[in-house]
2 protein chains.
Amino acid sequence: MSYAAPIKDMLFVMQELAGLEDMAGLPGFEEAGLETAQAVLEESSKLCGEVLAPLNVEGDRNPSTWKDGKVTASPGFADAFRQFAAGGWQGVQHPAEYEGQGLPKLIGTACIEMLNASNLAFALCPLLTDGAIEALLTAGSEEQKQTYVPRLISGNWTGTMNLTEPQAGSDLALVRTRAEPQGDGSYRIFGTKIFITWGEHDMADNIVHLVLARTPDAPEGVKGISLFVVPKFLVHADGSLGERNDVHCVSIEHKLGIKASPTAVLQFGDHGGAIGHLIGEENRGLEYMFIMMNAARFAVGMQGVAISDRAYQKAAAYAKERVQSRPVDGSSKQAVSIIHHPDVRRMLSTMRALTEGSRALAYVAAAHSDIAHHHADQAKRAEHLAIYEYLVPIVKGWSTELSVDVTSLGVQVHGGMGFIEETGAAQYYRDARILPIYEGTTAIQANDLVGRKTLRDGGAVAKALLADIAQTVEALKQHKGAAFASMQKHLSRGHDALQTTVAFVVANAKSDPNAVFAGSVAYLKLAGIVLGGWQMARAMLAAQAKLDNDPSFYGAKIATAQFFAEHVLPQAVALEASIVSTKDGEGMLALREDQF
Amino acid sequence: MSYAAPIKDMLFVMQELAGLEDMAGLPGFEEAGLETAQAVLEESSKLCGEVLAPLNVEGDRNPSTWKDGKVTASPGFADAFRQFAAGGWQGVQHPAEYEGQGLPKLIGTACIEMLNASNLAFALCPLLTDGAIEALLTAGSEEQKQTYVPRLISGNWTGTMNLTEPQAGSDLALVRTRAEPQGDGSYRIFGTKIFITWGEHDMADNIVHLVLARTPDAPEGVKGISLFVVPKFLVHADGSLGERNDVHCVSIEHKLGIKASPTAVLQFGDHGGAIGHLIGEENRGLEYMFIMMNAARFAVGMQGVAISDRAYQKAAAYAKERVQSRPVDGSSKQAVSIIHHPDVRRMLSTMRALTEGSRALAYVAAAHSDIAHHHADQAKRAEHLAIYEYLVPIVKGWSTELSVDVTSLGVQVHGGMGFIEETGAAQYYRDARILPIYEGTTAIQANDLVGRKTLRDGGAVAKALLADIAQTVEALKQHKGAAFASMQKHLSRGHDALQTTVAFVVANAKSDPNAVFAGSVAYLKLAGIVLGGWQMARAMLAAQAKLDNDPSFYGAKIATAQFFAEHVLPQAVALEASIVSTKDGEGMLALREDQF
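Residues numbered from 1 in each chain as written. Chains lettered and ligands numbered in written order. Predicted model: local features only at pLDDT ≥ 70, side-chain atom pairs only at ≥ 80, totals over all residues. Heavy atoms only, no water.

As recorded in an unreviewed UniProt entry, chain A goes by the name 3-methylmercaptopropionyl-CoA dehydrogenase, listed as coming from Paraburkholderia phymatum. Regarding chain A, the UniProt comment filed under Function (unreviewed entry) reads as follows: "Involved in the assimilation of dimethylsulphoniopropionate (DMSP), an important compound in the fixation of carbon in marine phytoplankton, by mediating the conversion of 3-(methylthio)propanoyl-CoA (MMPA-CoA) to 3-(methylthio)acryloyl-CoA (MTA-CoA)." Listed in UniProt under the heading Catalytic activity (unreviewed entry), the comment for chain A reads: "3-(methylsulfanyl)propanoyl-CoA + oxidized [electron-transfer flavoprotein] + H(+) = 3-(methylsulfanyl)acryloyl-CoA + reduced [electron-transfer flavoprotein]". (UniProt positions renumbered as here; feature names shortened; annotations may be inferred.)

If you want it as C-alpha cells, here you go:
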C-alpha cells in the first residue's frame with residue numbers, strides 16, 4: 001500500500017518539458033530553480049509517503065462519521081492534518097505576504113500530485129482550502145484577506161466551496177440560497193447546500209464557507225449570484241473566534257469512494273440566519289467563482305494524474321511478484337512473474353504512458369500559469385494565460401477520464417485479487433470515479449473548451465499549439481529508429497485529426513450547435529491525447545539527447561513515448577471520425593427522447 | 001431500481017438476426033418457435049422484474065454473512081431462490097430426460113440475460129449450477145447423472161466449480177489439491193480452494209462441488225488434473241442425504257461488488273478427507289472443465305450484456321427526469337431534462353448501442369450453439385460449432401470489457417448523484433468490474449481466441465465470417481440515406497481492419513509470439529466491435545424492411561445502428577494500428593522488468 005513519489009520523473013518533466021529553469025527568471029521566483037524544487041519535492045515526499053499514504057486505506061475502511069451535527073474525521077486524519085499544516089504545505093503556492101511560501105505553481109503542482117497520490121480523500125481538504133484562498137485573494141477586501149488568508153494558509157482554519165443545491169448542480173442559474181442584507185454590512189444566509197466536501201469536520205478550529213447566494217433584488221439566472229464568506233464560528237476583529245454561526249451539517253453522504261472525506265449537506269439559517277459577508281461586488285459571484293474554479297479544476301486534473309500513478313505503482317509491484325503461467329515465447333519451462341506476459345506488459349505500459357502523458361501536460365500547463373501571472377511583459381502574460389486557460393479543461397477532463405481507465409486496468413492486473421477489497425486496487429478504482437464528475441463534469445469541461453476556449457478566439461490558441469506540434473514533428477524527423485518513426489507518424493496523424501476537429505468546431509458551432517456539442521467530449525479527449533502525445537514526443541527528444549548519461553532512465557522515457565505513439569495516439573483518428581460524422585438530426589441525435 | 005426486460009428488443013434479435021424460426025426446424029426443438037419464446041420470456045420477465053430486481057440493492061447493502069462455517073444468504077434470497085426453482089428456471093436449456101425443459105440455448109440465453117440484469121449476484125448461483133450440470137452431462141457416469149442432475153435442475157441442490165487455489169489462478173498447472181483413492185472407488189480430497197462462488201449458503205439442501213485435484217501418480221502440470229464430485233452432504237444410493245462431508249467454508253471474501261454472492265474459501269479434508277468420486281477418466285479433468293467452461297464463459301458474457309442494459313435503463317430514466325440547464329441550440333429559455341443535452345444523448349446512445357451490439361452477437365452465437373448440438377447433419381454441426389467456439393471468447397471478453405465502460409457511463413449520466421451509493425448506479429459499476437476477470441480474464445480469452453480459435457485452423461473461421469461481413473456490406477449499398485452510407489463505410493473499414501489483424505496473427509504467431517500476444521486483447525476487442533457492428537448492420541437492414549409496420553421501434557434500430565457505425569466502429573482502425581505496430585523487443589515490450 002506504500003507510495004514512492006516519482007521525484008526523478010517529476011523533475012525530468014519540470015526541467016525538460018516545463019522550463020523549470022525559466023521560472024527562476026520570473027520576478028519573485030529568483031530562488032525557484034532546480035535546487036529548490038528538488039529540496040521541496042524530497043521534503044514533501046516524506047510527509048506523503050510516511051504519514052499520508054498509510055492512512056489512505058484506513059480512511060477507506062473507517063470513513064468519517066456524523067453524529068448530532070458533528071463530523072469526526074477518520075482515525076489519524078486530524079493528527080496528519082496538523083503535521084501537514086505545521087510543515088507549511090498549505091501555503092506552497094500562495095503569496096509570501098499572507099505567509100505563504102510564494103513558490104511557482106509548477107513546484108506546487110508536483111506537491112499536489114504527491115498529496116493526492118498518497119491520500120486522495122485527505123488531499124481534498126487542502127484542495128478546497130486552496131480554492132477559498134484563491135477566491136479571497138481574487139475578490140476579497142484587504143480586511144477579509146488579512147482576517148482569513150493567513151489562518152487558512154497556516155492550517156488553523158480550512159475552507160469550502162458551497163455551490164451545489166439539490167436542484168442546482170451543473171446549472172448554477174438555479175441557485176436559490178438567499179442572502180438578506182442586515183443594514184450593518186452583514187447578510188443573513190438561508191438555504192441548503194449539498195455535496196460540500198469537508199463541509200464539516202474536527203481537524204481545524206474554524207471552517208470558512210464560501211457560499212453562492214442571491215440578494216433580494218438580484219436578477220434571475222447566473223447574473224444574480226453573489227459570493228459570501230460564512231465562517232462556522234464568527235470571527236472577531238482581532239481574529240479570535242466568537243459564536244457558532246447558524247450553519248449546520250445535517251448529514252453526510254454514503255459514497256462509492258473518497259470515503260474519508262465527509263461530503264456534507266449544509267443547512268444555512270434554520271435558526272435565524274447564518275451571518276455572512278459579501279465578497280467583492282454583488283452579482284459577480286459566478287465570475288469570482290470561475291477564477292477560483294480554474295484553479296480547482298486544474299487541481300482535480302492533478303488528482304487524476306496522481307491516482308493513476310498510485311494505481312500504476314501498485315499494479316507494477318504486484319506484477320513483479322505474482323508468479324503464474326509459463327511465457328508464451330517458450331523462454332522458460334517454469335511459471336514466471338506475470339510482468340513477463342505480454343498482455344500484462346501492455347496493461348502496465350498503458351497505465352504508465354497515460355500517467356506520464358497526463359502529468360507532462362499538466363506540469364506544462366502549470367508553467368504557463370506561472371508565466372501568465374509573473375512575467376514582466378504584459379503581452380507575454382496574456383499569451384501564456386490564453387494557453388493555460390485552453391489547457392485547464394483538457395487537464396481536468398482528460399486526466400480524470402483516463403484515471404478511471406487506468407485504475408480499472410490496475411484492478412485487472414491483479415486478477416481476482418483486484419476485486420477483493422483488502423488488496424487495495426479496488427479503492428483507487430472507486431476513488432477515481434468521482435474525478436470526471438466534481439468541479440464540473442467532463443461535459444462541462446468540454447463545453448468550456450468549445451465555447452470559451454475555442455470559439456471565442458476563433459480557434460487561435462488551438463492553432464498556435466498545432467503549429468508548435470508541427471515543429472516537434474519536424475524535429476522527430478531528424479532522428480532514426482523505430483521509436484522516432486512511430487512517434488513522427490502517429491503524432492503527425494494526431495495533429496491532422498486535431499486540426500480538422502478544431503476547424504469543424506469553429507465552422508459549425510453557430511449553424512449546428514447540437515452537432516458540435518455532441519462531439520465536444522470527443523474533442524476534449526482528442527486534444528488530450530494529441531497534446532499529451534506531443535509532450536511524450538518532446539520527452540523522447542530530450543531523453544535522446546541525454547541517453548548516454550543514464551541509459552536505463554532515458555531509455556525508458558523513449559520506450560514509453562513509443563508506446564504512447566503506437567497504442568494511445570491512434571485513437572485520435574477514431575475520435576475525429578466520431579466528431580465530424582455528427583450532423584443535427586442524424587446519427588447521434590436521431591433518437592427521440594421517447595425512443596430511449 | 002426497477003428493471004423491465006426488453007422483450008421486444010430480445011425477440012427482434014432472436015427473429016431477425018439469430019434465426020429463431022430455424023430453431024423449430026431442429027430435431028427436438030419442434031415447439032420452440034416464436035410463440036414459445038414469447039411465452040417463456042414474458043413469464044421469466046415477471047419473476048425477474050417483480051421478485052429478483054427489488055432484491056438486487058438489498059443484497060448489496062446486506063451481503064451474505066459467514067459465521068462458524070455457515071453462510072447465510074442476503075435477506076430474501078433463499079425465498080427468491082425457492083420461487084426460481086419452483087418455476088423450473090434452472091432447467092430451461094437442460095435436457096427433458098433429466099427433467100429440464102429442453103429449450104434451445106437461444107431462448108435460454110434471453111432468460112439468462114433477464115436473470116442477470118435483475119440481480120447479478122443472485123444469478124451467479126444458477127450460473128454455477130448450470131456449469132456443474134454441463135460437466136456431469138459431459139463426463140459423468142449414468143449413475144452420477146441420475147443422482148445429481150435432476151436434483152440440480154429442480155433447485156433442491158446447487159452446484160459449484162472448484163478450480164482456483166491461492167497459487168493457481170489463471171494457471172491451473174499449479175493446482176495442488178490431492179485426491180487419494182480409497183480402494184472402494186471413492187477418493188479422499190485434501191486441499192484449499194479459493195474464490196468459490198456460492199461455495200457455501202443456506203438456499204438449498206445440498207451443494208455439489210466439482211473439484212479439480214491430482215491423484216497420487218498423476219503427471220505434472222495440466223495433464224495430471226482430474227475432476228471429482230464432492231457433495232457437501234454425502235448422498236445415499238436412493239438420493240437421500242447422509243453425513244456432512246469434510247469440506248468446510250473457512251471464510252468468505254469482502255468484495256468490491258456482487259456482494260450478495262458469497263465467495264468462499266473451501267477447506268477440503270481437514271478432518272480426515274472429503275469423500276469424492278471421479279468424474280469421467282483420470283487426468284482428463286481439464287478437458288471436461290473446458291467444455292463446461294465454454295458454457296460458463298458464454299454466460300458471463302451475457303452478464304456483461306445484462307448489467308449494461310440495467311445500467312442503461314436506469315440512466316435513461318434519470319436523464320428524462322432530471323432538469324438542468326438550457327439547451328445549447330437555444331430552443332428553450334428554461335432548463336430542460338438532461339436527455340436533451342447532446343453529451344448526455346451521446347452517453348446514453350453509447351450505452352444503448354454497445355448493449356444492443358453485444359446482445360445481438362451473443363444471441364447469434366447461442367443460435368450457432370443450438371445448430372451445432374442439434375442439427376441432423378454432422379457437417380453442419382461441425383461448421384456451426386467452429387463458429388460458436390470462435391465467438392465464445394469474444395462474447396465473454398468484449399461484452400464484459402464494455403460493461404465496465406457502460407456502467408461507468410451510467411454513473412456519469414447521474415452526475416454527482418451517481419457517486420452516492422443510495423442512487424444505485426454505482427452498484428452496477430462495482431458489480432460489473434468482476435466480469436472481465438472471472439471465468440478467465442480478458443487476456444485468457446484473448447489467448448484462447450489467438451491460439452485455439454485462430455491459429456489452429458489457420459484463421460479459417462475468421463475468414464468465413466469476414467466473407468459474410470463483406471456480403472452485408474454489399475447489401476448495405478442497395479440502400480440510400482446517411483445511416484446506410486455511414487454503416488457501409490465504417491463496417492467496410494472494420495472488415496479490412498479485422499482482415500489485416502487476422503492475417504498478422506496467423507503470419508507472426510510462430511516467429512514473434514510476444515508481438516502477437518501483446519496485441520491479443522486488442523484483436524479480441526476489434527473482433528467484438530466489427531462482429532457486433534456487423535450484427536447492427538444486419539439489424540438495420542431488417543428494420544428497414546419492416547419500417548412501415550412500426551416506425552418508432554424500427555426507426556430506433558436504424559438510428560442506433562448508425563450511432564454504432566459512427567461512434568463505435570471507427571475504433572477498429574485504432575485497434576488495428578495498435579496491433580500491427582508491435583514487434584518483439586520494440587514498443588510494447590521495450591521496457592525491461594526493472595524499468596517498470
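The structure having been displayed, the exposition proceeds.
Before going further, it helps to spend a moment on the overall build of chain A. The secondary structure content of chain A amounts to 18 helices and 12 strands. Looking at chain A as a whole, 66% of its 596 residues are labelled buried. If you take every contact in chain A between residues at least 6 apart in sequence, the share linking residues at least 24 apart comes to 74%. Of the roughly 20200 Å² of accessible surface on chain A, 49% is carried by carbon and sulfur atoms. Looking at charge distribution, chain A has the averaged site of its 51 positive side-chain charges lying 6 Å from that of its 67 negative ones. (Helix = DSSP H or I, 4+ residues; strand = E, 2+ residues; numbered from the N terminus. Buried < 20%, exposed > 50% of the residue type's maximum accessible area, 1.4 Å probe, protein only. Contact = heavy atoms within 4.5 Å. Areas by Shrake-Rupley, 256 points an atom, 1.4 Å probe, with all protein chains shown as cover. Lys, Arg positive; Asp, Glu negative; His and termini not counted. Charge placed at Lys NZ, Arg CZ, Asp CG, Glu CD.)

Turning our eyes to something else, we now look at the interface of chain B and chain A. Accessible area lost upon the coming together of the parts serves often as the stated size of an interface. On the side of chain A, 92 residues touch chain B, which itself brings 92 residues to the contact. Both sides together, the interface formed by chain B and chain A hides about 7800 Å², and carbon and sulfur atoms give 60% of it. Three residues, Phe419, Tyr429 and Phe596 of chain B, lead the burial of chain B against chain A; their summed loss comes to 11% of the area buried on that side. Between chain B and chain A we count 0 salt bridges in total. For the interface between chain B and chain A, the tally reads 41 residue pairs in polar contact (both at pLDDT 80 or more). Sorting elements by how many residues they give to the side of chain B that touches chain A places helix α17 (residues 551–567) of chain B first, with 9 residues. Within the side of chain B that touches chain A, the residues separate by chemical class into 42 nonpolar, 29 polar and 21 charged. (Buried area = accessible area lost by both parts, 1.4 Å probe. Salt bridge = Lys/Arg side-chain N within 4 Å of Asp/Glu carboxyl O. Polar contact = N/O pair within 3.5 Å; in protein donor to acceptor, adjacent residues only side chain to side chain. Nonpolar A, V, L, I, M, F, W, Y, C, P; charged D, E, K, R; others polar.)

Turning our attention to the relation of the copies chain B and chain A. Mapping one chain copy onto the other needs a rotation about an axis and a shift along that axis. If you rotate chain B by 180 degrees and push it 0.0 Å along the axis, it lands on chain A with an RMSD of 0.0 Å. Taken together, the rotation angle and the small translation identify this as a two-fold axis. If distances are taken from each C-alpha of chain B to the rotation axis, the shortest is found for Ala574 of chain B, at 3.1 Å. When the interface residues of chain B are mapped onto chain A, 100% of them are again interface residues, pointing to one common binding face. (Least-squares fit on C-alpha atoms with pLDDT ≥ 70 in both.)

It is worth spelling out the packing of aromatic side chains at this point. Under the counting rule described, the total for this entry stands at 21 aromatic pairs over all chains. Measuring from centroid to centroid gives 6.0 Å for Phe84 of chain A and Phe122 of chain A, while their planes differ by 80 degrees, and the two rings are edge-to-face. Taken as a pair, Phe84 of chain A in helix α4 (residues 77–86) and Phe122 of chain A in helix α6 (residues 120–139) lie far apart in primary sequence, 38 residues in all. By relative accessible area, Phe122 of chain A is classed as buried at 0%. On the basis of an interplanar angle of 65 degrees and a centroid distance of 4.8 Å, the ring pair of Tyr187 of chain B and Phe228 of chain B is categorised as edge-to-face. In this pair, Tyr187 of chain B sits in strand β5 (residues 186–197) while Phe228 of chain B sits in strand β7 (residues 226–231), placing the two residues 41 residues apart along the sequence. For Phe228 of chain B, a relative accessible area of 0% puts it in the buried group. Within the aromatic cluster, the residues linked to one another by ring pairs are Phe77, Phe81, Phe84 and Phe122 of chain A. Above the face of the Phe596 of chain B ring, Arg352 of chain A is positioned so that its terminal group lies 5.9 Å from the ring centre. (Phe/Tyr/Trp six-rings, centres within 6.5 Å; stacked < 30°, edge-to-face > 60°. Lys NZ or Arg CZ within 6 Å of the ring centre and 35° of its normal.)

Okay, the environment of Ala204 of chain B next. Residues and elements named next belong to chain B. On the secondary structure map, Ala204 appears in the loop between β5 and β6 (206–213). Accessibility expressed as a relative area gives 14% for Ala204, which makes it buried. Through-space distance from the C-alpha of Ala204 to that of Phe77 is 11 Å; in sequence the pair is 127 residues apart.

Residue and element names in this part refer to chain A. Summarising the element assignment, Gly49 is placed in helix α3 (residues 34–61). A C-alpha to C-alpha distance of 9.5 Å links Gly49 and Asn119, two positions 70 residues apart in sequence. If sequence neighbours within four positions are ignored, Gly49 has contacts with Tyr3 and Pro54.

All names here are of chain A. In the structure shown here, the tally under the stated rule is 42 salt bridges over all chains. Taking the shortest distance from any N to any O, the salt bridge between Glu43 and Lys46 comes out at 3.6 Å. Here the residue Glu43 and the residue Lys46 both occupy positions in helix α3, the gap between them amounting to 3 residues, near one helical turn. With a shortest N-O distance of 2.9 Å, Lys193 and Glu165 are connected by a salt bridge. Placement of Lys193 in strand β5 (residues 186–197) and of Glu165 in the loop between β3 (157–162) and β4 (178–181) is noted, with a sequence separation of 28 residues between them. With respect to class, Lys193 is no different from Glu165; both count as buried.

A few words now on the packing of helix α14 (residues 482–508) of chain B against α17 of chain B. Geometry of a packed helix pair, given as the angle between the helix axes and the separation of the axes. Residue and element names in this part refer to chain B. The interhelical angle for the contact between α14 and α17, taken along N-to-C directions, is 35 degrees, at an axis separation of 9 Å. Every pair of crossing elements has a handedness; the one defined by α14 and α17 is left-handed. Each of Ala482, Ala483, Ser486, Met487 and His490 in α14 lies in contact with α17, whose residues at this interface are Ile558, Ala561, Gln562, Ala565 and Glu566. (Axes fitted to C-alpha atoms, helices over the stretch in contact; angles between N-to-C directions. Left-handed = near helix turned anticlockwise from the far one by under 90°.)

Here we take up the pairing of strand β11 (residues 263–268) of chain A. Residues and elements named next belong to chain A. Most of β11 sits out of view: 6 of its 6 residues are buried. The pairing of β5 with β11 spans 5 bridges and is antiparallel. Its bridge partner being in β11, Ile196 is matched across the sheet by Ala264. Where strand β10 (residues 247–252) lies against β11, 5 bridges are found, and the strand directions are antiparallel. Within β11, the position partnered with His248 by the bridge is Gln267. (Pairing = 2+ DSSP bridges.)

The residues that UniProt annotates with the feature "domain: Acyl-CoA oxidase/dehydrogenase middle" (unreviewed entry) are residues 161–270 of chain A. Between the first and last C-alpha atoms of residues 161–270 of chain A the distance is 20 Å; the span itself is 0% helix and 46% strand.

The next thing to look at is the environment of Lys70 of chain A. In this structure, Lys70 of chain A sits in strand β2 (residues 70–72). Along the chain, Lys70 of chain A and Asp202 of chain A lie 132 residues apart, while their C-alpha atoms are 7.9 Å from each other.

All names here are of chain B. With a phi angle near 50 degrees, Trp198 is a residue other than glycine that sits in the positive phi range. The topology assignment puts Trp198 in the loop between β5 and β6. Residue Trp198 is classed as buried on the basis of its relative accessible area, which comes to 0%. Despite not being glycine, Asn283 has its phi angle at roughly 70 degrees, a positive value. Tracing the chain through its elements places Asn283 in the loop between β12 (274–279) and α8 (285–321). Given the relative accessible area of 26%, Asn283 is considered partly exposed.

What follows covers the pairing of β5 of chain A. Look at any regular strand and the pattern is simple: side chains alternate between the two faces of the sheet. All names here are of chain A. Most of β5 is tucked away, with 9 of its 12 residues classed as buried. With 4 bridges joining them, β4 and β5 adopt antiparallel strand pairing. When the bridges of β5 are listed, Pro181 appears paired with Tyr187. The sheet contact formed by β5 and strand β12 (residues 274–279) spans 4 bridges and is antiparallel. If you follow Tyr187 over to β12, its bridge partner there is Gly276.

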